[in-house]
Amino acid sequence: MQAIKLYNFPRSGHAHRVELMLSLLKLPTDLIFVDLAKGEHKQPEFLALNAFGQVPVIDDQGVVLADSNAILVYLAQKYGNGRWLPADPVGAAKVQRWLSTAAGPIAFGPARARLITVFGAPYNAEEVIAYAHSVLKVIDQELADSTYLAGSEPT
């Protein structure tokens, strides 16, 4: 099998979750470093892969996809053998709920707090941390009754 190209930046949480999924699926991966500090993600070559100029992007033998959530769904459906993304409507919706939560509340809470700490982003730390705590409280409540947010352990 030909390696899947993963355009990433090592400190990107979004790229990390795609790299983790590739690892869990035991897929050969060619990591391609995109130097965000030097603006490589805003150069025409990279913008041809992702017009938003963001990592991660994968190239799976000519299938080029951007957005970590879209990539995770693609990888799970193509290579997961039904283990990582339920086929039933309720199970699939539960997974989508948490992918949406990652793109919304987690991005604006815990991930934004990480941006302050790791990159010195100019957000109001007190507000971001308070919001992060409220998001994590909901996740803790969900996990009080289940080991997994979207159902049972993958088989």
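Counting restarts for each chain, with residues numbered from 1 along the sequence as it is written. Thresholds applied to this predicted model are a pLDDT of at least 70 for local features of residues and 80 or more for the giving and counting of side-chain atom pairs; totals over whole chains, interfaces and linings are not thresholded and use all residues. Calculated side-chain values reflect all of the structure's heavy atoms, with hydrogen atoms and water omitted.

## Brief notes about the overall build of the protein
Within the protein, the regular secondary structure consists of 7 helices and 4 strands. Walking the protein from its N terminus toward its C terminus, one meets helices and strands in the order β-α-β-α-β-β-α-α-α-α-α. Its C-alpha radius of gyration of 17 Å places the protein within 12% of the 15 Å reference for a compact globule of 155 residues. C-alpha extents for the protein along the principal axes are approximately 45 × 40 × 20 Å. Burial classification: accessible surface area is computed with a 1.4 Å probe over protein chains only, and a residue below 20% of its type maximum counts as buried, one above 50% as exposed, and the rest as partly exposed. A burial count over the protein gives 32% of its 155 residues as buried. Residue contacts are defined here by distance: any two heavy atoms, one from each residue, within 4.5 Å place the two residues in contact. A sequence separation of at least 24 residues applies to 54% of the contacts in the protein between residues at least 6 apart. A total of about 9500 Å² of accessible surface is found on the protein, and carbon and sulfur atoms cover 57% of it. Only four residue types enter the tally: Lys and Arg on the positive side, Asp and Glu on the negative side, with His and both chain ends excluded. One atom stands in for each charge, and that atom is NZ of Lys, CZ of Arg, CG of Asp or CD of Glu. When the 13 positive and 15 negative side-chain charges of the protein are each reduced to one mean point, those points stand 0 Å apart. Helix and strand definitions follow DSSP, with helices as H or I runs of at least four residues and strands as E runs of at least two, each counted in order from the N terminus. Here the radius of gyration uses the C-alpha set of atoms, whereas the globule reference equals 2.2 Å times the residue count to the power 0.38. Each accessible area is a Shrake-Rupley estimate made with a 1.4 Å probe; only the visible protein chains count as cover when residues are assessed.

## Quick word on the packing of aromatic side chains
Here the distance between the centres and the angle between the planes together describe a pair of aromatic rings. To pair, rings of Phe, Tyr and Trp, with the six-membered ring standing in for Trp, must have centres within 6.5 Å; the planes then decide the type, stacked if under 30 degrees apart, edge-to-face if over 60, and tilted in the middle. Tallied over the full model, the rule gives 2 aromatic pairs. Summarising the aromatic geometry, the rings of Tyr7 and Phe46 are spaced 6.3 Å apart at their centres and angled 65° between planes, so their arrangement reads as edge-to-face. With a gap of 39 residues between them, Tyr7 in strand 1 (residues 4–8) and Phe46 in helix 2 (residues 44–47) connect regions that are remote in the sequence. Accessibility classification places Tyr7 together with Phe46 in one group, the buried group. Whether a charge sits over a ring depends on NZ of Lys or CZ of Arg being within 6 Å of the ring centre and within 35 degrees of the ring normal. Across from the ring centre of Tyr123, 4.1 Å away, lies the NZ or CZ of Arg112, which sits over that ring.

Taken by themselves, the reported measurements are silent on function.
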